[in-house]
Amino acid sequence: MASLAGRDLLSIADLTADEIDSMLDLAGAAKSGSSLGTPLAGASLALIFQRPSNRTRVSFEVAIHRLGGHPIALFNAEVQLGARESAGDISRIIDRYADGIVARLISHRDLVTIAQAADCPVVNALTDQEHPCQVLADCLTVREVVGDLRGARVTYIGDGNNVCTSWILAAALLGVDLRIVCPPGYEPRHAVMQTAARLGAGWQPRLERDPARVLADSDIIYTDVWTSMGQENEQQQRREDFAGIQVNDRLVSLAPEHARVMHCLPAHRGEEITDSVIDGPQSVVFEQAENRMWLQMALLAMLYGEAAQSVGVA
Ligand code: CP
Ligand code: NVA
């Protein structure tokens, strides 16, 4: 059994392909009704939210509760990271009370500081650079929809942002056929491409400007908001720059009928995706959102327990 005991998850790059496969197997088993036991019995986990959340907070709180643990959600109005107290001091204190930290932070650098200052596991619940828990859950959804991640043709249409970054790293590890369609100036960072090449023995995603060039054989059409949290003052410019790649009925019609549409949510309906697509027959966005909980149960079980063995997952 792949154990992650005592580890941090700041980036997809912290995991191996085998560890991700085990996590997906375990998440699938949990979703099918296998008990993961109570590896968090007696444990308390602090959840720090410097940015708003619906899915991440609720799915983590429920996952922790189901595994026997106690979640403590902290919002920025209380901890005031960097203003009332430094990231390092907040981390040192929580490490003395709690058994783990799940943090959604504005800056990835603060997450690294928190991880360095704490002995307990630290999990990235979204930063400006990555959203690993989202993309691990998305891998579960792609596996359910396509059957196999290896060779799955996933077309990401949108900004080269935190979600896109985690997708690139996961695809590099797992051999996903990832294509990225974005306007000039919104490509993933060069450092991300370098990390992907290292993880995937030279693997790179295919970068395109025109979705028509990659949709015809896509299994998955994936999008995220054009304006991420913290970029609100760029919203007007971004609306103009991304206008040609809205995921609408015309664009989806370029893909095969079996293609499914994914979005990490929350959606800016009418911007990156239309109501007709998100509520349409090819959308799996709500199943995708549900999978956050199953995946995070598996992640926590691998960080804190022996649950994978008890349900026979390698
Ligand atoms: N997808 C996601 O992380 O949703 P929340 O921002 O609501 O947590
Ligand atoms: N890219 C989005 C993801 C939200 C879950 C953001 O950072 O706001």
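Anyway, here's the lowdown on the structure attached to this text. (Residues numbered from 1 in each chain as written. Chains lettered and ligands numbered in written order. Predicted model: local features only at pLDDT ≥ 70, side-chain atom pairs only at ≥ 80, totals over all residues. Heavy atoms only, no water.)

Concerning the site of ligand 1
Neighbouring ligand 1 are the residues Ser53, Asn54, Arg55, Thr56, Arg104, His131, Gln134, Cys264, Leu265 and Arg292. Take Ser53: an N or O atom from its side chain is 2.6 Å from an oxygen atom of ligand 1. Within the side chain of Arg292, an N or O atom sits 3.2 Å from an oxygen atom of ligand 1. In isolation ligand 1 offers 250 Å² of accessible surface; the protein chains occlude 96% of this area. (Near = heavy atom within 4 Å. Polar contact = N/O pair within 3.5 Å; in protein donor to acceptor, adjacent residues only side chain to side chain. Areas by Shrake-Rupley, 256 points an atom, 1.4 Å probe, with all protein chains shown as cover.)

What to know about the nonpolar core
The nonpolar side chains of a soluble globular protein tend to be buried with one another. Within the largest apolar cluster, 69 residues are counted, with the highest numbers of intra-cluster contacts made by Met23, Trp167, Leu178 and Leu300. In contact with Leu178, other than residues within four places in its own chain, are Val154, Tyr156, Trp167, Ile168, Ala171, Trp203, Pro205 and Arg206. If you look at the next biggest cluster of nonpolar residues, it comprises 20 residues, including Tyr186, Ile245, Ile273 and Ile278. (Core = buried A, V, L, I, M, F, W, Y, C linked by side-chain atoms within 4.5 Å. Buried < 20%, exposed > 50% of the residue type's maximum accessible area, 1.4 Å probe, protein only. Contact = heavy atoms within 4.5 Å.)

Quick notes on the site of ligand 2
Taken together, Leu126, His131, Asn161, Asn162, Asp224, Val225, Ser228, Met229 and Leu265 are the residues near ligand 2. Between ligand 2 and Asn161 there is a distance of 3.4 Å, counted from a nitrogen atom to a side-chain nitrogen or oxygen. Calculation on ligand 2 without its partners gives an accessible area of 270 Å², and the protein chains cover 94% of this total.

Details of the side chain of Arg104
By the element assignment, Arg104 lies in strand E3 (residues 100-104). Not counting residues up to four positions away in its chain, the partners in contact with Arg104 are Ile48, Phe49, Gln50, Arg51, Pro52, Ser53, Thr56, Ala125, Leu126, His131 and Met229. (Helix = DSSP H or I, 4+ residues; strand = E, 2+ residues; numbered from the N terminus.)

What about unusual backbone geometry?
Excluding glycine, residues mostly have negative phi values, and the peptide bonds linking residues are mostly trans. Look at the link from Leu265 to Pro266: it is a cis peptide, with omega at 5°. Turning to its location among the elements, Pro266 is positioned in the loop between strand E9 (260-263) and helix H12 (275-278). Of note, the phi angle at Leu126 is positive, near 120°, even though the residue is not glycine. On the basis of relative accessibility, which here comes to 9%, the residue Leu126 falls in the buried class. The residue Leu265 is not glycine, and still its phi comes out positive at about 65°. Assignment of secondary structure puts Leu265 in the loop between E9 and H12.

Considering the environment of Leu173
When you line up the elements, Leu173 lands in helix H7 (residues 162-174). Residue Leu173 is classed as buried on the basis of its relative accessible area of 17%. C-alpha of Leu173 to C-alpha of Ile12: the two residues are 161 residues apart in sequence and 8.9 Å apart in space.

Focus: the packing of aromatic side chains
Within this structure, the stated rule accounts for five aromatic pairs. Here the aromatic rings of Tyr156 and Tyr222 are separated by 5.8 Å at their centres, their planes lie at 20°, and the arrangement is stacked. One end of the pair, Tyr156, is in strand E5 (residues 153-157); the other, Tyr222, is in strand E8 (residues 220-223), and 66 residues separate them in sequence. For the ring pair Trp226 and Phe242, a centre distance of 5.6 Å and an interplane angle of 15° mean the geometry is stacked. Here Phe242 lies in helix H10 (residues 235-242) and Trp226 lies in the loop between E8 and H10, a separation of 16 residues in the sequence. Among the residues examined, Trp226 registers a relative accessible area of 4% and is labelled buried. Members of the aromatic cluster, connected to one another through ring pairs, are Tyr156, Trp167 and Tyr222. (Phe/Tyr/Trp six-rings, centres within 6.5 Å; stacked < 30°, edge-to-face > 60°.)

As for the pairing of E3
Most of E3 is tucked away, with five of its five residues classed as buried. Along E3, one buried face is formed by Gly100, Val102 and Arg104 and the opposite face, lined by Ile101 and Ala103, is buried too. Looking at chain direction, E3 and strand E4 (residues 122-124) are connected through three bridges and run parallel. Counterpart to Ile101 in the pairing with E4 is Val122. Running through helix H5 (residues 108-117), the crossover from E3 to the neighbouring parallel element E4 is right-handed. (Pairing = 2+ DSSP bridges. Right-handed = clockwise from strand over helix to strand, strands pointing away.)

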